[in-house]
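# Structural overview for review
As a plain string of letters, each chain reads:
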Amino acid sequence: MDKGLPFTIRVVTALLLLRESSQAGAGRNDDAGVDSRGQTEGLPTLTVTTILEDPYVMVRGAELEGYCMDLLGALAGMLRFQYRVKVVGDGQYGAVSTGGNWTGMIGEILRKEADIAVAPLTVTSAREEVVSFTTPFLQTGIGILLRKDTVSQEMSFFHFLSPFSKETWTGLLFAYLLTCCCLFLVARLSPCEWNEPKNEENHFTFLNSLWFGAGALALQGVTPRPQALSVRVVAVVWWLFTLALLAAYIANFTALLSSGSEQLPIQTFEDLVKQRNLEFGTLEGSSTFYFFKNSKNPIHQMIYEYMEKRREHVLVKTYQEAVQRVMDSNYAFIGESISQDLAAARHCNLIRAPEVIGARGFGIATTQASPWTKPLSIAVLKLRELGDLDYLRNKWWESSCLRQSRDRWSPLEPPALGGLFLALGVGLALGVLAALAELSNSSRLTAGHAKKSCCSVFIEEICTRLRIKEKARPSQETSGKANA
């Protein structure tokens with residue numbers, strides 16, 4: 001009898017536990033869109049309203065998961081409360097209706113249907129007047145979501161010039177002409193390259209110098225071949241310059257081709273207004289729509305007027321509808337930049353324009369008299385300091401796309417190659433000085449044999465090599481013969 005009693009108690013307890021678990025499972029299946037977690041005796045229970053939006057809140061089987069669900073679980077663990085999650089009935093974030101009542105999650109909080117709202121809910125002044133917000137758990141802004149093939153430009157006929165900017169090409173042309181002129185000058189001044197100006201022909205004519213410089217640009221050796229040290233200095237410096245320049249050109253041109261297209265023609269909201277190929281809109285009743293409505297910026301007012309006149313056609317009901325419309329038609333979606341980054345990460349044919357305006361944040365909404373506002377704000381700050389918010393961001397925004405097209409490519413500007421041009425200038429100066437030194441040494445030897453002034457012989461050599469006719473000396477010789 002004593003041994004049978006404990007066994008009977010165990011069987012009855014097991015049957016009761018199985019009955020409670022089956023009833024809980026049936027209750028969860030019957031209550032669609034509701035997720036109850038953290039049920040513990042003695043802890044307060046909060047009713048949480050949210051909205052289905054990837055990756056914040058998503059339905060997976062009979063439960064909800066996503067960024068906001070992980071955030072809510074972390075907050076519940078820190079503040080010791082249990083919660084019951086329900087999806088907002090009208091599928092709206094919260095805006096003032098024509099009757100003056102609030103819709104969406106804000107309306108549910110005002111009607112006491114929910115205690116807090118944990119969702120990608122933007123903190124705005126209008127919402128702050130009726131509810132309270134915690135410290136933002138995500139920072140975002142307003143961006144433009146586009147489909148790549150709707151904004152890609154056809155390659156221009158002179159697409160091969162794109163790796164360098166116009167200023168760089170201008171500097172390159174100037175460097176080429178200056179080097180060829182220095183090569184022509186040094187070859188004429190150096191006695192080691194042109195020993196007998198009166199009897200020999202100088203192979204480094206101006207046209208040959210241009211040809212020699214162009215051959216170096218193509219990494220080809222061309223004739224004539226330099227013999228003097230000064231000419232070789234100029235040639236070596238130019239060869240090194242062209243080698244480094246070609247390496248930079250090839251690397252930048254490869255990056256340009258791998259990026260898939262040129263820079264987007266729609267970089268800013270002004271570009272979006274000026275174009276006529278794409279329709280654009282935003283979520284109906286969202287904070288983004290009211291941002292453009294209340295903005296005093298002329299460009300923003302033009303965007304609002306466009307959307308207001310065509311609201312039946314360009315405004316969308318849900319974020320999923322907006323992404324699908326961008327993928328299927330010539331449509332640009334204006335919305336939260338952080339959500340657009342997710343769409344670009346999940347759909348590799350989408351891209352977000354660079355400009356982001358209207359910096360804002362996502363916060364947790366509570367009633368104005370709620371005792372949970374400050375504790376939730378402190379908990380959000382602690383999660384940020386611990387790095388948990390960054391971890392959740394990386395977890396739910398992970399991309400499987402090769403993000404080569406998002407790399408910002410730009411043509412090389414002159415400052416990027418400034419050291420290269422400086423080295424070329426120094427090398428050309430050394431070449432000219434070497435040629436003058438060679439000519440000075442030769443003039444000194446000639447002056448010693450002819451017993452003339454070194455300076456006069458040096459000037460004569462320069463005039464002869466540059467073919468400058470001296471008029472003063474013939475006239476003096478003529479007058480001397482007449483006197484004789």
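Residues numbered from 1 in each chain as written. Predicted model: local features only at pLDDT ≥ 70, side-chain atom pairs only at ≥ 80, totals over all residues. Heavy atoms only, no water.

Scanning the protein chain from terminus to terminus reveals 19 helices and 13 strands. Residues classed as buried in the protein chain amount to 42% of the 484 residues present. Here the contacts in the protein chain between residues at least 6 apart in sequence split such that 76% fall between residues at least 24 apart. Carbon and sulfur atoms make up 58% of the accessible area of the protein chain, which amounts to about 26500 Å² in all. (Helix = DSSP H or I, 4+ residues; strand = E, 2+ residues; numbered from the N terminus. Buried < 20%, exposed > 50% of the residue type's maximum accessible area, 1.4 Å probe, protein only. Contact = heavy atoms within 4.5 Å. Areas by Shrake-Rupley, 256 points an atom, 1.4 Å probe, with all protein chains shown as cover.)

Looking at the protein chain as a whole, the pLDDT averages 80, with 81% of positions reaching at least 70. When mean pLDDT is taken per element in the protein chain, strand S6 (residues 116-117) scores highest with 95 and helix H1 (residues 4-30) scores lowest with 44. Confidence over residues 15-33 falls short of pLDDT 50; this stretch has 9 contacts with residues more than four positions distant or in other chains. Low pLDDT (under 50) marks residues 470-484, which in the prediction has 3 contacts with non-local residues, meaning those over four places away or in another chain. (pLDDT = per-residue confidence, 0-100.)

With the rule as written, the count across this model stands at 12 salt bridges. Here Glu65 ties to Arg60 by a salt bridge, and the two come within 3.3 Å at their closest N and O atoms. Arg60 sits in the partly exposed class, given a relative accessible area of 46%. The shortest N-O distance in the salt bridge between Glu308 and Arg311 comes to 2.9 Å. Looking at Arg311, the relative accessible area reads 29%, which means it is partly exposed. (Salt bridge = Lys/Arg side-chain N within 4 Å of Asp/Glu carboxyl O.)

Between its terminal C-alpha atoms helix H2 (residues 67-79) stretches 18 Å, which fits the 18 Å expected from 13 residues at 1.5 Å a residue. Buried within H2 we find Tyr67, Cys68, Met69, Leu71, Leu72, Leu75 and Ala76. Trailing H2 by a residue or two, Arg80 shows a phi angle of about 60°, which is positive. (Expected span 1.5 Å × (residues − 1).)

Turning our attention to the state of the cysteines. Taken as a whole, this structure holds 0 disulfides when the rule is applied. Here Cys180 is not disulfide-linked; the sulfur of Cys181 is the nearest cysteine sulfur, at 7.0 Å. Residue classification places Cys180 among the buried residues on the basis of a relative accessible area of 1%. Here Cys181 stays free of any disulfide, with the sulfur of Cys182 as its closest cysteine sulfur at 7.0 Å. (Disulfide = S-S within 2.5 Å.)

Phe292 and Phe333 are the most contacted members of the largest nonpolar core, which has 46 residues in total. Within the residue set of this core, elements represented by two or more residues are helix H3 (104-110), strand S8 (138-147), helix H9 (269-274), helix H10 (287-294), helix H11 (298-309), helix H13 (319-328), strand S10 (331-336) and strand S11 (350-352). Met69, Leu342, Val380 and Leu383 belong to the second-largest nonpolar core, a separate cluster that totals 33 residues. (Core = buried A, V, L, I, M, F, W, Y, C linked by side-chain atoms within 4.5 Å.)

Let us now look at the side chain of Thr288. Inspection of the secondary structure puts Thr288 in helix H10. You can call Thr288 buried: its relative accessible area is 3%. Once you skip the residues sitting within four places of it in the chain, Thr288 turns out to touch Ile142, Thr282, Ile334, Gly335, Glu336 and Arg360.

It is worth spelling out the packing of H10 against H11 at this point. A packed helix pair is summarised by two numbers, namely the angle formed by the two axes and the spacing between the axes. Interaxial distance between H10 and H11 falls to 7 Å at its minimum, and their mutual angle equals 120°. One element, H10, and the other, H11, form an angle in the oblique class. The hand of the H10/H11 crossing is left-handed. Between H10 and H11, the residues in contact are Phe289, Phe291, Phe292 and Lys293 and His300, Gln301, Ile303, Tyr304, Met307 and Glu308, respectively. Of the residues in the contact of H10 with H11, the class split is 6 nonpolar, 2 polar and 2 charged. (Axes fitted to C-alpha atoms, helices over the stretch in contact; angles between N-to-C directions. Parallel < 35°, antiparallel > 145°, perpendicular 65-115°, else oblique. Left-handed = near helix turned anticlockwise from the far one by under 90°. Nonpolar A, V, L, I, M, F, W, Y, C, P; charged D, E, K, R; others polar.)

The final tally for this structure, using the stated rule, is 23 aromatic pairs. Ring geometry for Trp238 versus Phe241: centroids 5.3 Å apart, planes at 20°, classification stacked. One end of the pair, Trp238, and the other, Phe241, are both in helix H8 (residues 229-258), 3 residues apart, so they sit about a helical turn from each other. Assigned by exposure class, Trp238 and Phe241 land together as buried. Judged by centre distance (5.4 Å) and plane angle (85°), the rings of Phe291 and Phe292 are edge-to-face. The buried category is assigned to Phe292, whose relative accessible area is 0%. Cluster of aromatic residues (ring-pair linked, three or more members): Tyr56, Tyr67, Phe137, Phe362 and Trp397. Its end group placed over the ring of Tyr331, Arg325 keeps NZ or CZ at 4.3 Å from the ring centre. Cation over ring: Arg393 sits above Trp397, and NZ or CZ is 5.1 Å from the ring centre. (Phe/Tyr/Trp six-rings, centres within 6.5 Å; stacked < 30°, edge-to-face > 60°. Lys NZ or Arg CZ within 6 Å of the ring centre and 35° of its normal.)

A word on H11. Between its first and last C-alpha, H11 extends 16 Å over 12 residues, near the 16 Å set by a 1.5 Å rise per residue. Of the surrounding elements, those touching the buried residues of H11 are H9, strand S9 (279-281), H10, helix H12 (311-314), S10 and strand S12 (357-362).

So, on to empty space enclosed by the protein. Counting across every chain of the model gives 2 cavities of 30 Å³ or more. In this model, the largest cavity occupies a volume close to 170 Å³. Of all the secondary-structure elements, those providing two or more residues to the lining of the largest cavity are H10 and S10. Element by element, the count of residues in the lining of the largest cavity is highest for S10, at 4 residues. Residues of the lining of the largest cavity, tallied by class, amount to 8 nonpolar, 7 polar and 3 charged. Counted as a void, the second largest cavity has a volume near 50 Å³. Around the second largest cavity, the lining residues are Gly91, Gln92, Tyr93, Gly94, Leu283, Glu284, Gly285, Ser286 and Lys317. Taken together, the residues of the lining of the second largest cavity break down into 2 nonpolar, 5 polar and 2 charged. (1 Å grid on protein atoms, 1.4 Å probe; cavity = no way out; pocket = protein on both sides within 12 Å on 5 of 7 lines; lining within 4 Å. Points joined across faces, edges and corners; volume = space filled by probe spheres on them.)

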